[in-house]
Amino acid sequence: MLKREHQNPLIQTPSRGFPKAVAVIGAGTIGPDISYYLLSTIPGLSLTLVDLSEESLERAKERISGYVKKGLKRKKLTQNQAERVTHNITYTLDYESISGCDWVLEAATENVDLKRKIFKQVESIISPQTLITSNTSSLPASLIFADLQYKQRSAITHFFAPAFSNPAVEVVGWEGGDDTLVDQLRWIFSATGKVPLVAADVLCFMLDRIFDNWCNEAGYLLDQGVTAQEVDSVASEFVFAGPFCVLNIANGNPIIIETNTFQAQEEGNHYLPAPIFSSVSKWNTLLPGETIDVDVSKRDLIRDRLLGVLFSQTVDIIDNEIASSNDLELGCRIALGFKKGPFELMQDMGTTEVDRILTVFSVDRPGMPVPKKSINDYLNFYRHILVDDLKGCKIITIRRPDALNALHDQMNDEILSVIERFENDPDVRGFILTGYGTRAFCAGADIGRFPSMLGNSDEAAQYSRECSRLLRHIDGMSKPVVAAINGLALGGGFELAMRCHSLIALKEAWFQLPEITLGIVPGIGAMVVPYRKWPHAADLFHGMVINAQKMSSEEALKIGVLDGIADSYHELIEASIDRINTLSSEMKAISDQPVEIGEMPPIKPQSASGDLLSKEVIAIMESAIADAAQKTTLEEALEVGYIAFGASACTAAAREGICAFQERRRPDYSLTG
Ligand code: COA
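Just so you know, these numbers come straight off a predicted model, no measurement behind them.

Chemist: Looking at this structure, how should I read the overall build of the chain?
Modeler: Counting its secondary structure elements, the chain contains 25 helices and 18 strands. A globule of 673 residues ought to have a C-alpha radius of gyration of about 26 Å, and the chain, at 26 Å, matches this closely. Counting only C-alpha atoms and orienting by the principal axes, one finds that the chain spans roughly 75 × 60 × 55 Å. Scored against the burial criterion, the 673 residues of the chain give a buried share of 58%. The long-range fraction of contacts in the chain, counting pairs at least 24 apart against all pairs at least 6 apart in sequence, stands at 76%. Counting 63 positive and 88 negative side-chain charges, the chain places the averaged centre of each group 3 Å from the other.

Chemist: It is not clear to me how the pattern of salt bridges should be interpreted in this structure. Could you clarify?
Modeler: Close approach of charged atoms lets side chains of opposite charge pair. For the coordinates displayed, the defined rule picks out 38 salt bridges. A salt bridge links Glu110 to Lys115; the shortest N-O distance between them is 3.7 Å. On the accessibility criterion, Glu110 (25% relative accessible area) is partly exposed. Look at Lys115 and you get buried, because its relative accessible area is 0%.

Chemist: What exactly am I supposed to notice about the sheet that holds strand β18 (residues 564–566) here?
Modeler: Hydrogen bonding along the main chain pairs the strands of a sheet, whether they run parallel or antiparallel. Pairing within the open sheet is mixed, and its six strands lie in the order β9-β10-β11-β13-β15-β18. The open sheet has two edge strands with one neighbour each: β9 (385–390) and β18. Across this sheet, the average inter-strand angle for adjacent strands is 25 degrees, counted without regard to direction. The pairing of strand β13 (residues 481–485) with strand β15 (residues 502–506) spans four bridges and is parallel. Along β15, the bridge assignment pairs Ala483 with Leu503.

Chemist: Quick question: what am I supposed to make of the packing of aromatic side chains here?
Modeler: The geometry of two aromatic rings is summed up by the distance between their centres and the angle between their planes. Here the structure, examined in full by the defined rule, presents 18 aromatic pairs. Measuring from centroid to centroid gives 4.3 Å for Tyr67 and Phe164, while their planes differ by 45 degrees, and the two rings are tilted. Of this pair, Tyr67 sits in helix α2 (residues 54–73) while Phe164 sits in the loop between β6 (154–159) and β7 (168–172), and the two are 97 residues apart along the sequence. Judged by centre distance (5.2 Å) and plane angle (45 degrees), the rings of Phe119 and Phe145 are tilted. Taken as a pair, Phe119 in helix α4 (residues 112–123) and Phe145 in the loop between α5 (141–144) and β6 lie far apart in primary sequence, 26 residues in all. Through pairs of rings, three or more aromatic residues link up here, namely Tyr37, Trp103, Phe159 and Phe189. Seen from the ring of Tyr378, Lys373 lies directly overhead, with NZ or CZ sitting 4.8 Å from the centre.

Chemist: Looking at this structure, how should I read the site of the ligand?
Modeler: Close to the ligand lie 17 residues, the nearest being Arg439, Ala443, Ala445, Ile447 and Arg664. Between the ligand and the protein, one listed contact pairs a nitrogen atom with a backbone N or O atom of Ala443 at 2.9 Å. Ile447 places a polar main-chain atom, nitrogen or oxygen, 2.9 Å from a nitrogen atom of the ligand. Notes on the ligand: free accessible area 860 Å², of which the protein chains cover 68%. Of the residues that constitute the shell around the ligand, the class distribution is 11 nonpolar, no polar and six charged.

Chemist: What is the right way to read the domain arrangement of the chain from this model?
Modeler: A common way to state how big an interface is: give the accessible area lost once the parts meet. Under the domain assignment used here, the chain contains domain 1 (9–199), domain 2 (207–378) and domain 3 (385–662). Placing the centre of domain 1 and that of domain 2 at their C-alpha centroids yields a distance of 30 Å. Counting residues at the interface gives 14 residues for domain 1 and 13 residues for domain 2. Linking domain 1 to domain 2 there are zero salt bridges.

Chemist: Is there a simple way to think about helix α20 (residues 538–547) in this case?
Modeler: Each turn of an α-helix holds 3.6 residues, which means side chains three or four residues apart point in the same direction. Here α20 lies mainly inside the structure; eight of its 10 residues are buried. Of all the positions in α20, only Ala538, Phe541, His542, Gly543, Met544, Val545, Ile546 and Asn547 are classed as buried. Where α20 is buried, its residues contact α18 (492–499), β16 (510–512), α19 (529–533), β17 (551–552) and α23 (615–630). Looking one or two residues beyond α20, the residue adopting positive phi is Ala548, at roughly 60 degrees.

Chemist: Sorry if this is basic, but what is going on with the sheet that holds β16 here?
Modeler: In space, the four strands of this open sheet follow the order β12-β14-β16-β17, with mixed pairing throughout. Two strands bound the open sheet, and with one partner strand each, they are β12 (440–442) and β17. Looking at chain direction, strand β14 (residues 488–490) and β16 are connected through two bridges and run parallel. Bridging across to β16, Leu490 finds its partner in Gln512. Contacts from α18 reach β12, β14, β16 and β17, with the element oriented near 95 degrees to β14.

Chemist: What is the right way to read the state of the cysteines from this model?
Modeler: By definition, a disulfide links the sulfur atoms of two cysteines through a covalent bond. Evaluation of the coordinates by the stated rule reveals zero disulfides. Looking at Cys467, it has no disulfide partner, and the nearest cysteine sulfur is the one in Cys442, 11 Å off. Residue class for Cys467 comes out buried when judged on its relative accessible area of 8%. Summary of cysteine pairing: Cys659 is not part of a disulfide, and the nearest cysteine sulfur, belonging to Cys650, is at 14 Å. Residue classification places Cys659 among the partly exposed positions, given a relative accessible area of 28%.

Chemist: Please explain α18 as it appears in this structure.
Modeler: Within α18, eight of the eight residues are buried, which leaves it mostly tucked inside the rest of the structure. Turning to α18, its buried residues are Gly492, Gly493, Phe494, Glu495, Leu496, Ala497, Met498 and Arg499.

Chemist: Explain the nonpolar core here, please?
Modeler: By size, the foremost hydrophobic cluster in this structure holds 145 residues, and its most contacted members are Leu38, Ile485 and Phe511. Among the elements that line this core, the one with the most residues is α23, at eight residues. In this structure, this core is formed jointly by two domains, domain 1 (9–199) and domain 3 (385–662), each of which donates at least three residues. Apart from the residues lying within four places of it in its own chain, the contact partners of Ile485 are Phe441, Ala497, Leu503, Ile504, Ala505, Leu506, Ala509, Phe511, Leu562 and Leu572. Listed in part, the 87 residues of the second largest apolar core include Ala23, Leu207, Val315 and Leu358.

Chemist: I would appreciate a short explanation of unusual backbone geometry in the present structure.
Modeler: The phi torsion of most residues other than glycine is negative, and most of the peptide bonds are trans. Between Ala161 and the following residue, Pro162, the backbone shows a cis peptide bond with an omega angle of -15 degrees. You will see that Lys75, though not glycine, has its phi angle at about 60 degrees, which is positive. With respect to the helices, strands and loops of the structure, Lys75 is situated in the loop between α2 and α3 (79–87). Phi at Glu321 is positive, roughly 50 degrees, even though this residue is not glycine.

Thresholds, definitions, all that
- Residues numbered from 1 in each chain as written.
- Predicted model: local features only at pLDDT ≥ 70, side-chain atom pairs only at ≥ 80, totals over all residues.
- Heavy atoms only, no water.
- Helix = DSSP H or I, 4+ residues; strand = E, 2+ residues; numbered from the N terminus.
- Rg over C-alpha atoms; globule rule 2.2 N^0.38 Å.
- Buried < 20%, exposed > 50% of the residue type's maximum accessible area, 1.4 Å probe, protein only.
- Contact = heavy atoms within 4.5 Å.
- Lys, Arg positive; Asp, Glu negative; His and termini not counted.
- Charge placed at Lys NZ, Arg CZ, Asp CG, Glu CD.
- Salt bridge = Lys/Arg side-chain N within 4 Å of Asp/Glu carboxyl O.
- Pairing = 2+ DSSP bridges.
- Axes fitted to C-alpha atoms, helices over the stretch in contact; angles between N-to-C directions.
- Phe/Tyr/Trp six-rings, centres within 6.5 Å; stacked < 30°, edge-to-face > 60°.
- Lys NZ or Arg CZ within 6 Å of the ring centre and 35° of its normal.
- Near = heavy atom within 4 Å.
- Polar contact = N/O pair within 3.5 Å; in protein donor to acceptor, adjacent residues only side chain to side chain.
- Areas by Shrake-Rupley, 256 points an atom, 1.4 Å probe, with all protein chains shown as cover.
- Nonpolar A, V, L, I, M, F, W, Y, C, P; charged D, E, K, R; others polar.
- Domains from an automatic or database assignment.
- Disulfide = S-S within 2.5 Å.
- Core = buried A, V, L, I, M, F, W, Y, C linked by side-chain atoms within 4.5 Å.

Following this line, the structure appears as structure tokens:
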């Protein structure tokens, strides 16, 4: 069940396609949120929201119309989407009205008997082909679907709050269900902007094992003379909101009592809920981001215990094949709000420290899972990419949906390691690089890594060189690499794509070199490579580099940057595979020869959207582009770019631009020059 034929869900051809009519049962909190997500992302969908209470339906209607207003105001929703959400939904008390639906999504209270009762009623109305999924955070499919007449159409789809914006959805198949359903659901979610994570059909699946036990351990810590505020404050090193803060927001105490009681019954008394959960309704604690001073000995106690339970659950999930390491790592970040996934934390802390924490934890909490192999063995997987085999090609999918697939050195190293491993394998004809989901191929270099380089030209230039190792390797390859551009390709993302031996894009994909809007220059090839590969379009590239002008797929095709345009993700991958077949005989290296780029037209320090840009950084760019064009080897020309990136990282404009991005405001270059 866990191992899917394709890791990237969009590679496969869907058997059913998008649903046309969905019924959501339950108008509490999550039902309306799921309804809003489905209606805003699936064109032509009609949705029926069913509940037993008129009042709940009224509240759901208000909630959804509030989302529409907010979405329009923040430009997250188009007018078209808003109309769909408003007009394609029926709020009803009448179960009979779901008869024509092709998917029934149950989102009622977490209660086995209630869910079974609902399914009985639902099955008496719908056709045997209609898909049934349940939104539950902990109840296994084998329990809630046990009485279904047609079990093969059922699976779990566990959404995370807020379900319209949290991208994570756990998808759980089970032994009674048709296994292809899991892939069908993964495809639907992935094609609509969600990130499906596959988990085994066990109590609490994958992520609630982490979350519930993290919170439960926080409860036990209160017996050790620490306060909820102290626990949340120490936890803020690892999560955006501490366990007690989240329990307050989610009214989560009863959930911990229920699920940990279940887990104790199945797996042992060490999982019993901390007794304090039965006597407290709201915790006196901090808001997200708030911290207080915590005495060092208390801090160490809290830290060890929280990390102990996190690592113990992590190894248990892997040892029992409840989920894959990369889904667990990603899920902890995007669904549960961890700043780093558990494996990255382990990696950063080092195995000696992780062993110490787990040893202390096993003494304090006997019975809790301990690792079954060395910690290093748990860390050996690709964290940022997925790798698939299709028709003799390796498809490498960049998967960092929480940062629009932004690149950093570790991700580059992972891509490079796949290429190096298979480039001499006669069964592999070539490589396809693509991005996860339908929005982004790659939003460029990870801006989060830049602040530490500001003011240090050598370090910044060296970072560029290191990030270029992958690109330099591609330059020298004899096996083709095709960029399958599934969405926006910005900055370093475009620089990576342009080094591939061929580029194919989705119709709606677009390209931009927005570095100048951050007060820096593009450091890994954009001031060099496009001029050598497509010299006839030099003016257009000046506009892109210096003014951050965007380029559409159609424009890119016209000037020869793209070799093809596709209408769907599936077509994109197929076209890329075809391209690998033809490319093998016509691979061309990027020219070492100096290139004539002509006189650069005077360019105003103003972005395409009219914002003022940094004159100082534009001057660095103009000189680097001209200088690199004259170099007699590609290597020397690229070096000009690395050094120019280092120089730009020392400007006041870079400091302003990068801070502004992180503070989500417009940069003001009038103050920096
Ligand atoms: N590096 C790191 N994180 C990035 C990123 C990058 N290059 N591009 C996007 N992200 C992150 C955002 O910070 C945000 O994270 P958050 O939700 O934790 O705040 C998340 O990805 C989604 O992006 P967001 O900006 O909220 O989406 P949007 O639809 O409002 O805007 C873009 C999309 C692409 C226009 C915008 O993200 C952007 O300008 N990104 C930077 C592009 C860039 O300058 N690239 C070159 C880098 S050298």
